[in-house]
Amino acid sequence: MYNRAETSRIRKEFWIKFGQYMKPVPSASGFRVNWPNYKTNIRNIYFRMKAERDFASIGIEICHADTELQELYFDQFVQLKKLFLNSLNEEWEWKLLSPNEFGQPISKIEKILPQVNVMDEKDWPEIISFFKPRIIGLDDFWENVKPGFEGL
């Protein structure tokens, strides 16, 4: 298989390639954005893209340590579900307070692409084609709803 350094290099290469591919795409507000490291600018709300050995995923993660506040954020997203569906044009999984890989409760709204491997360069076009419309859709959604999260 791959040693740690090789795994790290391949993953880094993938994210560089994705960033280069997305560089000419402006955000919904018309500004340049670092797509692989998209910033919501709201504390404890993140847009995460993962490319692993057996899947790729994209989603919104709510990581507030206070589970009541996490539920409040999640409920606010649920109230905006119609707008979300209009921007993304597909159903995603909505998970309230599920444990992450470290056992901490987080809430997620995510879409998963199974059976792709970031370590296999021939899967990169499929992974990039999966991420591109969804991160653009998330950005469009976020442009419209972000003000509602700024006061929380």
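Scroll up to find the structure.
These notes cover the structure that comes with them. (Residues numbered from 1 in each chain as written. Predicted model: local features only at pLDDT ≥ 70, side-chain atom pairs only at ≥ 80, totals over all residues. Heavy atoms only, no water.)

Next up on the list: the overall build of the protein. Check the secondary structure of the protein and you find 4 helices and 4 strands. Along the chain direction, N to C, the helices and strands of the protein fall in the order α-β-β-α-α-β-β-α. Computed over its C-alpha atoms, the radius of gyration of the protein comes to 16 Å, within 12% of the 15 Å expected for a compact globule of 152 residues. Principal-axis analysis of the C-alpha atoms gives the protein an extent of 45 × 40 × 25 Å. Buried positions account for 41% of the 152 residues belonging to the protein. Summed over all atoms, the accessible surface of the protein reaches about 9,000 Å², with 50% contributed by carbon and sulfur. Across the protein, the 21 positively charged side chains and the 22 negatively charged ones have centroids separated by 6 Å. (Helix = DSSP H or I, 4+ residues; strand = E, 2+ residues; numbered from the N terminus. Rg over C-alpha atoms; globule rule 2.2 N^0.38 Å. Buried < 20%, exposed > 50% of the residue type's maximum accessible area, 1.4 Å probe, protein only. Areas by Shrake-Rupley, 256 points an atom, 1.4 Å probe, with all protein chains shown as cover. Lys, Arg positive; Asp, Glu negative; His and termini not counted. Charge placed at Lys NZ, Arg CZ, Asp CG, Glu CD.)

In this sheet, strand 4 (residues 105-114) lies alongside strand 3 (residues 93-99) in antiparallel orientation, the contact comprising 5 bridges. Bridge pairing links Glu 93 to Glu 110 in strand 4. (Pairing = 2+ DSSP bridges.)

This part is about the nonpolar core. Counting 40 residues, the largest nonpolar core has Phe 77, Phe 131 and Ile 135 as the members making the most contacts within it. Among the elements of the structure, helix 1 (4-22), strand 1 (45-51), strand 2 (55-62), helix 2 (67-79), helix 3 (81-88), strand 4 and helix 4 (124-145) are those that each provide at least two residues to this core. Residue contacts for Phe 131: discarding those within four places in its chain leaves Phe 14, Trp 15, Phe 18, Met 49, Lys 50, Ala 51, Ala 56, Ser 57 and Ile 58. (Core = buried A, V, L, I, M, F, W, Y, C linked by side-chain atoms within 4.5 Å. Contact = heavy atoms within 4.5 Å.)

Here the focus is the packing of aromatic side chains. If you walk through the whole model with that rule in mind, you get 20 aromatic pairs. For the pair Phe 77 and Trp 142, a centre-to-centre distance of 6.2 Å together with 20° between the ring planes defines the contact as stacked. Linking Phe 77 in helix 2 with Trp 142 in helix 4, this pair joins segments that are 65 residues apart in sequence. A relative accessible area of 0% means that Phe 77 is categorised as buried. By relative accessible area, Trp 142 is classed as buried at 2%. Geometrically, the ring pair formed by Trp 142 and Phe 149 is tilted, given 5.3 Å between the ring centres and 35° between the ring planes. Here the two residues Trp 142 and Phe 149 agree in accessibility, since each one is buried. Three or more aromatic residues joined by ring pairs form one cluster here, namely Trp 35, Tyr 38, Phe 47, Tyr 73, Phe 74, Phe 77, Phe 84, Trp 92, Trp 94, Phe 141, Trp 142 and Phe 149. (Phe/Tyr/Trp six-rings, centres within 6.5 Å; stacked < 30°, edge-to-face > 60°.)

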